[in-house]
Every structure is written in C-alpha cells, then in structure tokens.
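Listed below, chain by chain, are the residues.
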Amino acid sequence: MTVTLSIAELVSSFPAFEVAVVVAEGLAIPAERPDALDAEILRREAACRQQWGGTDLSAIPGIAAWRQAYRAFGIKKTSYRCSVERIVKNVLAERSLPRINGFVDAYNAVSLSGVLCVGADDLDTLVQPLAFRFSRPGDSFIDMAAEPGEDPNDPPKDGEVVYADAAHVLCRRWNWRQDARSIITPATRHAVVTLQSNGVGDVRAAARDLCDLLAAHCGGSTRVAVASAERPDVSL
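Analysis parameters
- Residues numbered from 1 in each chain as written.
- Predicted model: local features only at pLDDT ≥ 70, side-chain atom pairs only at ≥ 80, totals over all residues.
- Heavy atoms only, no water.
- Buried < 20%, exposed > 50% of the residue type's maximum accessible area, 1.4 Å probe, protein only.
- Helix = DSSP H or I, 4+ residues; strand = E, 2+ residues; numbered from the N terminus.
- Pairing = 2+ DSSP bridges.
- Polar contact = N/O pair within 3.5 Å; in protein donor to acceptor, adjacent residues only side chain to side chain.
- Contact = heavy atoms within 4.5 Å.
- Expected span 1.5 Å × (residues − 1).
- Phe/Tyr/Trp six-rings, centres within 6.5 Å; stacked < 30°, edge-to-face > 60°.
- Lys NZ or Arg CZ within 6 Å of the ring centre and 35° of its normal.

Student: Help me understand the pairing of strand 8 (residues 190-198), please; the structure alone is not making it clear to me.
Tutor: Within a regular strand, the side chains alternate between the two sheet faces. Burial runs high along strand 8: eight of the nine residues are buried. Judged from the nine bridges that link them, strand 2 (residues 17-25) and strand 8 form a sheet pairing that is antiparallel. Residue pairing across strands places A20 opposite L195, the latter belonging to strand 8. Where strand 3 (residues 117-122) lies against strand 8, six bridges are found, and the strand directions are antiparallel. Paired with C117 across the strands is Q196, a residue of strand 8.

Student: Would you mind going over the side chain of Q196 with me for this structure?
Tutor: Along the chain, Q196 falls in strand 8. Among the polar contacts made by the side chain of Q196, one reaches the side chain of N175 at a distance of 3.0 Å. Polar contacts involving the side chain of Q196 include one to the side chain of T194, which spans 3.0 Å. Setting aside its immediate chain neighbours within four residues, Q196 contacts F17, E18, V19, W66, L116, C117, F132, W174, N175 and V203.

Student: Would you explain helix 5 (residues 203-217) in this entry?
Tutor: An α-helical turn contains 3.6 residues, so any two residues separated by three or four positions project in the same direction. For helix 5, spanning 15 residues, the distance from its first C-alpha to its last is 21 Å, which sits close to the expected 21 Å at 1.5 Å a residue. Of the surrounding secondary structure, the elements contacted by the buried residues of helix 5 are strand 2, helix 1 (35-52), helix 4 (102-114), strand 8 and strand 9 (221-227). The opening residue of helix 5 is D202, an N-cap whose side-chain oxygen sits 3.1 Å from the backbone nitrogen of R204. A positive phi of about 65 degrees marks G219, the residue just after helix 5.

Student: Just checking my understanding: could you explain the packing of aromatic side chains for this structure?
Tutor: Each aromatic ring pair is summarised here by two numbers: the centre-to-centre distance and the angle between the ring planes. Counted by the stated rule, this structure contains seven aromatic pairs. Look at F103 and Y107: their rings are 6.2 Å apart centre to centre, the planes differ by 80 degrees, and that puts the pair in the edge-to-face class. Of the two residues, F103 and Y107 both sit in helix 4, four residues apart, roughly one turn of that helix. Taken individually, F103 and Y107 each receive the classification buried, so the pair is uniform in this respect. On the basis of an interplanar angle of 15 degrees and a centroid distance of 4.4 Å, the ring pair of F132 and Y163 is categorised as stacked. Linking F132 in strand 4 (residues 130-134) with Y163 in strand 5 (residues 161-164), this pair joins segments that are 31 residues apart in sequence. Judged by its relative accessible area of 1%, F132 is buried. Pairwise contacts between aromatic rings join F14, F17, W66, F132, Y163 and W174 into one cluster. The cationic tip of R173 hangs over the ring face of W176; the distance from NZ or CZ to the ring centre is 4.5 Å.

Set out below in structure tokens:
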C-alpha cells in the first residue's frame, strides 16, 4: 500500500519541522510487552534519568523546541503539552512507560530516547492522503482519552496545527492527543508511524531505531521516508 504525506502547509511557518514516516506491514503485535522489550525500555528509562535528572523540562532542547512551536500557533496553557514532554516528565518522576502493547511500547521507547514526538495509526482505518496542516472548518476529532460520560467529540480550534487524513483529524495540537478511530491494537496488521522534530533531534536515526525494535518484537517489514521543508511531500 502506497502512503502519501504532506507538510507543505506548515513549512513557511515552521521551516525546521521534519517528520520521518515509517510504514510497517505484515505485523504480529504482541498484546503484552515482550520480556526483551521490557528490559530495553528499563535501560532507556534509566538512561533518560541519568541524562536529564535534575534538569528543568524547559531546558531539555527537544522539549523546548516543541514548547516554542506550540506557542507559535497559540497554545499557552500548560495542560496542553506535546507527547514527548509528557513521556519524559513521567519517566523523570520515576514512573514507567505505560504498558499498552508491543508496538506502542516500542515507539514510546524511541520517543523517550530521541526526545521526539512519535505517534502511530492503523493504516487500514485511514483515508489518504495524510497531512500535517492547519485546522479547517468541519474537521472532526474523537478524543481517545475522554472520560466515561464525557462527549468525546472535540474538534480542533481555528488555526490549530493538526495531523489528519482525508476524512478527519488523527491528532490534535500537532502531537498532543490521538483520535480514537485509528489507534494501534494487537489486531493491527498495517501501521503508519510519524517521528517528528521541530529543529532538534534526529528523525532518521530514530526511524532506524524504531524499525529495529519493530522487526525484533512485532515482525513484518518497514520502509521509511522523510518530509522536510526541502521535500514537503513524500510517497512510500
């Protein structure tokens, strides 16, 4: 399956933004975290604490870059933080990465090590093409973290950066929270992962790291492309 992604709408406002796109096919995702992956995640958590322990989150370059990007499209509330900031904050507070499934746990490990925002969607649920863009009238979003009894419909605000397919928003506030309709589960056989940087961090190295972890723990095959200001549209 060919996957196309564009960041063209953002490059004039955010010229440092780049994203590695990983397409993973033929997956066999373990519902529980494999022991070898668990050991690797424990090692990465310890490395994070050793490197960043005692450092204010705002002084960690990968986090500072995303805070600046969020402010640039109007997000000032501290309740809205990018995905990697939440991951690093929890690990530095001696909380372990959540156990979700082998695939999600693997990409969270890559996010932690690279201090990069990483997210993934079940490719079979998406309507192409994919894009990082500004929100549009009529955009829909179903909050995967909505509490029981809450209305999960939470469309983006005007001017918000989103990640979307042709049918709806896949992630609000760039990389804050994912839509419930495309989450990765053990039943997922094909997935698309985005590894995102806003001027700090090596998305190419992180993509290689992710491909190695997926090969070891989820099987299947992977391929990679990188979108940047110089090449805003990719197909793979």
